[in-house]
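The residues making up each chain are set out below.
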Amino acid sequence: MLVTLNDILKEASNSNYAIAGFNVFGYEDAVMVAKAAQELDVPVILMTNRDAVSHMPIKILGSILTDIAKEAKIPICVHLDHGKSIDEVVSAIKSGFSSVMYDGSQLPLEENIKRTKEIADIAHHFGVSIEGEIGSVGYNDPSIKAKAMYTVPKEAKRFVEETGVDAVAIAIGTLHRMKAQEANIQYDRLEEIEKLVDVPLVIHGSTGVKDEDLIRMSKHRIAKVNIGTALRMAFGNTLRDEMNNKPEEFDRIKFFKRPMIEVKNKAKEKMIILGAKRK
Ligand code: G3H
Ligand code: ZN
């Protein structure tokens, strides 16, 4: 069933598990993430990032993902990840997304609060949940120019109170697009934020988080853990092997079979670490 963040994050925030938000790029990975969640009987979040919406019209992504969600027996949230403008958020809402992120993390604090509040009001008007970001999770990819800034706990409190977001992404040591699990998580900063902020917390760049930290963080108030690169590596690296091993083959549906299975395996592995069985 199609749900919003509010339907699933509150319980996760107050329990010892967290819900995975996976970046997906089309049918092949989205359907396998949904199957993985179904087999574990846990909610999941299907997210489209900037690369996905520049590759495929958001309307088409919305149809594919919301159909998968509506057909599923488990709760699935269809979420716009890192939305950068009102227009993008409105297109996602019109395309059936049940949830959006507005990412104003590169803006000065006042501007981030002002724009996030405007967009939160629009999302709420349509019954769609909204995630904002305070501080900024940087990128491990030099081609992406974004400054990284740790979240200042008092600013997080003000941001949440003044914008009305349903969930907030915080920067406590992760970086987007790390291939190895090498991030150093600042638990002191997390605990300060937890004392001041009462909405569910979101971690971005979680491919780079060690398994023991994913377990530890899921027992905190962190409710949503965003994972993208790990699934892209599972799909892409398996596809490369398939193509190398079968030089005579040209049918992409045959090539996609094993990469899709590896996406499902990786999604299950991450959801189990995040507490699917503790739920
Ligand atoms: O918003 C997307 C996530 O933060 C994914 O980050 O690709 O580093 O796992 P990742
Ligand atoms: Zn992110």
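Use the structure listed above.
Quick caveat, the model's predicted, so the values are computed rather than measured. (Residues numbered from 1 in each chain as written. Chains lettered and ligands numbered in written order. Predicted model: local features only at pLDDT ≥ 70, side-chain atom pairs only at ≥ 80, totals over all residues. Heavy atoms only, no water.)

## Quick look at the side chain of Glu-242
Counting through the fold element by element, Glu-242 comes out in helix α10 (residues 229-245). When residues no more than four places from it in sequence are discounted, the contact partners of Glu-242 are Lys-254, Phe-255, Arg-258 and Pro-259. (Helix = DSSP H or I, 4+ residues; strand = E, 2+ residues; numbered from the N terminus. Contact = heavy atoms within 4.5 Å.)

## Considering the packing of helix α2 (residues 27-40) against helix α4 (residues 58-71)
Running from amino to carboxyl end, α2 crosses α4 at an angle of 20 degrees, the nearest separation of the two axes being 10 Å. Considering the angle they form, α2 stands roughly parallel to α4. For the pair α2 and α4, the crossing hand works out as right-handed. In this structure, α2 uses Tyr-27, Ala-30, Val-31 and Ala-34 to contact α4, whose residues at the interface are Ile-64, Leu-65 and Ile-68. Split by residue class, the contact of α2 with α4 holds 7 nonpolar, no polar and no charged. (Axes fitted to C-alpha atoms, helices over the stretch in contact; angles between N-to-C directions. Parallel < 35°, antiparallel > 145°, perpendicular 65-115°, else oblique. Left-handed = near helix turned anticlockwise from the far one by under 90°. Nonpolar A, V, L, I, M, F, W, Y, C, P; charged D, E, K, R; others polar.)

## Digging into the coordination of the zinc ion (ligand 2)
Listed as protein donors to the zinc ion (ligand 2) are His-82 (NE2), His-176 (NE2) and His-204 (ND1); their distances from the metal cover 2.0 to 2.1 Å. Site description for the zinc ion (ligand 2): donor spacing in sequence, H-x93-H-x27-H. You can see His-82 sitting in strand β4 (residues 76-83) and its partner His-176 sitting in the loop between β7 (167-170) and α8 (187-196), a full 94 residues away along the chain. Assessed through its relative accessible area of 5%, His-82 is described here as buried. The exposure class assigned to His-176 is buried, which follows from its relative accessible area of 9%. (Donors = N, O, S within 2.8 Å, 3.2 Å for Na, K, Ca; no water. Buried < 20%, exposed > 50% of the residue type's maximum accessible area, 1.4 Å probe, protein only.)

## Side note on the site of ligand 1
In the vicinity of ligand 1 there are 13 residues, among which Asp-81, Arg-177, Gly-205, Thr-207 and Thr-229 approach most closely. At 3.1 Å from an oxygen atom of ligand 1 is found a side-chain nitrogen or oxygen belonging to His-204. Out of a free accessible area of 300 Å², ligand 1 has 96% covered by protein chains. With respect to the pocket detection grid, ligand 1 is positioned in the largest pocket. Of all the elements in the fold, those that place two or more residues in the shell around ligand 1 are β4 and β9 (222-227). In the shell around ligand 1, the residues fall into 1 nonpolar, 10 polar and 2 charged. (Near = heavy atom within 4 Å. Polar contact = N/O pair within 3.5 Å; in protein donor to acceptor, adjacent residues only side chain to side chain. Areas by Shrake-Rupley, 256 points an atom, 1.4 Å probe, with all protein chains shown as cover. 1 Å grid on protein atoms, 1.4 Å probe; cavity = no way out; pocket = protein on both sides within 12 Å on 5 of 7 lines; lining within 4 Å. Sits in = over half its atoms within 2 Å of the grid points.)

## Some words on the layout of surface pockets
Approximately 410 Å³ is the volume found for the largest pocket. Among the elements of the structure, α3 (50-55), β4, β9 and α10 are those that each provide at least two residues to the lining of the largest pocket. Class assignment for the residues of the lining of the largest pocket results in 6 nonpolar, 14 polar and 9 charged. Space inside the second largest pocket adds up to approximately 300 Å³. (Points joined across faces, edges and corners; volume = space filled by probe spheres on them.)

## Side note on the pattern of salt bridges
Under the definition given, this model contains 18 salt bridges. Taking the shortest distance from any N to any O, the salt bridge between Glu-131 and Lys-224 comes out at 2.6 Å. On the criterion of sequence distance, the pair formed by Glu-131 in strand β6 (residues 129-134) and Lys-224 in strand β9 is long-range, its members being 93 residues apart. Its relative accessible area of 0% is what places Glu-131 among the buried residues. Looking at Lys-224, the relative accessible area reads 0%, which means it is buried. The network of salt bridges with shared partners includes Glu-39, Lys-264 and Lys-268. (Salt bridge = Lys/Arg side-chain N within 4 Å of Asp/Glu carboxyl O.)

## With respect to α4
Helix length check: α4 (14 residues) gives 20 Å between terminal C-alpha atoms against 20 Å at 1.5 Å per residue, within 8%. Those residues of α4 that sit buried are Ile-58, Leu-61, Gly-62, Leu-65, Thr-66, Ile-68 and Ala-69. Within α4, the buried residues cover an arc of 155 degrees as seen down the axis, which keeps them to one side. Projecting away from the buried face of α4 at angles above 90 degrees are the exposed residues Lys-59, Lys-70 and Glu-71. Of the surrounding secondary structure, the elements contacted by the buried residues of α4 are β1 (2-3), α2, β3 (44-48), α3, β4 and α5 (86-94). (Expected span 1.5 Å × (residues − 1). Arc of directions from axis to C-beta.)

## Considering the pairing of strand β5 (residues 99-102)
Covered by surrounding structure in β5 are Ser-99 and Met-101 together with Val-100 and Tyr-102, the residues of both alternating faces. A crossover connection joins β4 to the parallel β5 through α5; in handedness this β-α-β unit is right-handed. The pairing of β5 with β6 spans 3 bridges and is classified as parallel. The partner of Val-100 across the bridge, within β6, is Ile-130. In this region the chain leaves β5, passes through helix α6 (residues 109-125) and returns to the parallel neighbour β6; the handedness of that crossover is right-handed. (Right-handed = clockwise from strand over helix to strand, strands pointing away. Pairing = 2+ DSSP bridges.)

In short, geometric facts, not functional conclusions.
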